[in-house]
Amino acid sequence: MALILLMDFIEIKKYMSKLLLYLKTDAFRKNLIAALIVVILIFLVIYFGLKSYTKHGVSIEVPKVEGVHIGQAIQLLKKSDLEYHVDSVYQIDKQPGLVIEQDPEPKSHVKTGRTIYLTIITQVAPEIAFPEIIDKTYIEASAILRNQSLKVGDTVYIADIARDVVLDVKFAGQPLKAGRMVPKGSKITLVLGNGRGANEVEVPNLIGLTVDEAKFALIGLGLNLGAVSYSTEVSDSLAGKIIAQQPDTAAGLISIGTAVNLTLSN
């Protein structure tokens, strides 16, 4: 075993001696210099290549395109050798195609070819499911519509004891049910109760009318002529003027078919 180790040591020593002799030769020095030159050249090519590719130290100022139309914005970006990417949102009462946001911000310094992200107002309104507002008060319904980016258009009142409560909804003249898709920003017609009820009318003011005129007015409202009395002697009942009535206008609403009593005088 010791003999084998001794022989291995002798072989290693011979190899090291040959290596040391080679390192002292001109051939080694030439190969070493050539290798160093190659390494340096590779480093320089990579360094200047990356510098040129990334345009190191070269930048341009991002133009302000926020607030202008997308067509004009694209022209400005192309003139500055910049790319662009467009997203869109919908806003009521905003000009379609208007740039409302840009990233990076104006006057930022970027390299040529950088992508500028733009947000514009879309020309087509997205649709939403119409909310349930039947039996809501006018104030509640208005708030719900406003939160859904909808508008209250016309308001139509019909006879119903539920005052200012939504009884029906219409869009473009047609009934509109909850869940139906409608464009954002649409104007909605609300049908509301007037608080009077279907069988009630306001007491008419008959003061100063003749009996015939009063009777005509009462029939038109679905009311009846009651007792006719005179505060003084009237020579011509047809020419007498009404000076009092019962019920009077202070009563507000009365049922259809109610009789109205009159008092006449010359």
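What you see as residue numbers is a count from 1 along each chain, following the sequence as written. Totals for whole chains, interfaces and linings use all residues, but because this is a predicted model, local features are given only for residues with pLDDT of at least 70 and pairs of side-chain atoms are given and counted only at 80 or more. Hydrogens and water molecules were not included; the side-chain quantities draw on all heavy atoms of the structure.

Asker: What is the right way to look at the nonpolar core in this model?
Answerer: Soluble globular proteins tend to bury their nonpolar side chains together. Only buried residues count toward a nonpolar core. Its members are Ala, Val, Leu, Ile, Met, Phe, Trp, Tyr and Cys residues joined through side-chain atoms within 4.5 Å. Here's how the labels work: a residue is buried when its accessible area is under 20% of the maximum for its type, exposed when over 50%, partly exposed in between, all with a 1.4 Å probe on protein chains only. Ranked by internal contacts, the top residues of the largest apolar core, which has 14 residues, are V65, V99 and L118. Only DSSP runs of H or I covering at least 4 residues are called helices, and only runs of E covering at least 2 are called strands; the numbering of each starts at the N terminus. Of all elements in the fold, only α3 (70–79) and β5 (115–121) reach the threshold of two or more residues within this core. No other element matches α3, which puts 4 residues into this core. Once residues within four sequence positions are removed from consideration, V99 is found in contact with V65, E66, G67, V68, H69, I70, A73, L118, T119 and I120. Residues F130, L145, V166 and I188 belong to the second largest nonpolar core, which totals 13 residues. When checking whether two residues touch, look at their non-hydrogen atoms; a contact exists if any pair is within 4.5 Å.

Asker: Just to check I follow, could you spell out a nonpolar patch on the surface for this structure?
Answerer: To count toward a patch, a residue needs a relative accessible area over 30% and no salt bridge; like charges are then connected within 9 Å, while nonpolar side chains (Val, Leu, Ile, Met, Phe, Trp, Tyr) are connected within 5 Å. Values of accessible area rely on a 1.4 Å probe in the Shrake-Rupley scheme; residue burial ignores everything except the protein chains shown. We define a salt bridge as a contact between a side-chain nitrogen of Lys or Arg and a carboxyl oxygen of Asp or Glu at a distance within 4 Å. Taken together, the side chains of I33, I37, I40, L41, F43, L44 and Y47 define a hydrophobic patch exposed on the protein surface, amounting to about 700 Å² of accessible area. Structurally, L41 can be placed in helix α2 (residues 26–53).

Asker: In this structure, what is going on with α3? I would like to understand it.
Answerer: The α-helix advances 3.6 residues per turn, and as a result positions three or four apart in sequence lie on the same side. Turning to α3, its buried residues number three or more, namely I70, A73, I74 and L77. One side of α3 holds all its buried residues, which, seen down the axis, span an arc of 100°. Across α3 from its buried face, at more than 90 degrees, point the exposed residues Q75 and K79. Among the structural elements, β2 (83–89), β3 (99–103) and β5 are those in contact with the buried residues of α3. Where α3 terminates, the next one or two residues include D81, which has phi positive at roughly 60°. Our arc is simply the arc of the directions from the helix axis toward the C-beta atoms.

Asker: How should I be thinking about the sheet that holds strand β16 (residues 259–265) in this particular structure?
Answerer: The strands making up a sheet associate through hydrogen bonds between their backbones, and the pairing can be parallel or antiparallel. In this scheme, strands are said to pair when DSSP sees at least two bridges between them. Spatially, the 3 strands line up as an open sheet ordered β13-β16-β14, and their pairing is mixed. The open sheet has two free edges, formed respectively by β13 (224–230) and β14 (241–246), since each of these has just one partner strand. Neighbour-to-neighbour, the strand axes of this sheet turn through a mean angle of 30°, independent of strand direction. Where β13 and β16 come together, 5 bridges link them in parallel fashion. Looking across to β16, one finds that N224 is bridged to A259. Axes, fitted as lines to C-alpha atoms, cover a helix only where it is in contact. Angles between the N-to-C directions of the axes lie from 0 to 180 degrees. Along the sheet face, helix α5 (residues 211–220) touches β13, β14 and β16 and points at about 160° away from the line of β13.

Asker: I tried to follow a negative patch on the surface on my own but got confused; where do I start?
Answerer: We count Lys and Arg on the positive side and Asp and Glu on the negative side, and we leave His and both chain ends out. A charged residue contributes its charge at one atom only: NZ of Lys, CZ of Arg, CG of Asp or CD of Glu. Together, E66, E101, D103 and E105 line one region of the surface with negative charge. Locating E101 in the fold gives a position in strand β3. Taking the relative accessible area as the measure of exposure, E101 reaches 47% and is therefore partly exposed.

Asker: Explanation requested: unusual backbone geometry in the structure shown.
Answerer: Among all residues except glycine, the phi angle is most often negative; among peptide bonds, the trans geometry is most common. Of note, the amide linkage connecting D103 to P104 takes the cis form, showing an omega dihedral of 0°. Along the chain, the position of P104 falls in the loop between β3 and β4 (109–110). Cis geometry is adopted by the peptide bond preceding P247, which originates at Q246 and carries an omega value of 0°. Within the secondary structure layout, P247 lies in the loop between β14 and β15 (253–255). Even without being a glycine, D81 presents a positive backbone phi close to 60°. Structurally, D81 can be placed in the loop between α3 and β2. Here D81 falls in the partly exposed class, since its relative accessible area comes to 46%. The residue K107 is not glycine, and still its phi comes out positive at about 75°. Residue placement: K107 occurs in the loop between β3 and β4.

Asker: Explain the pairing of strand β8 (residues 166–171) to me, please; I cannot follow it from the model alone.
Answerer: Walk down a regular strand and you will see the side chains alternate between the two sheet faces. The pairing of β8 with strand β11 (residues 187–193) spans 4 bridges and is antiparallel. Paired with V169 across the bridge in β11 is L190. One ladder, built from 2 bridges, connects β8 with strand β9 (residues 174–175); its direction is antiparallel. From the neighbouring strand, F171 faces β9, where its bridge partner is Q174. Between β8 and β9, which pair antiparallel and follow one another directly, the connecting turn spans 2 residues, one of which, A172, has a positive phi of 55°.

Shape is all these values report; function is a separate question.
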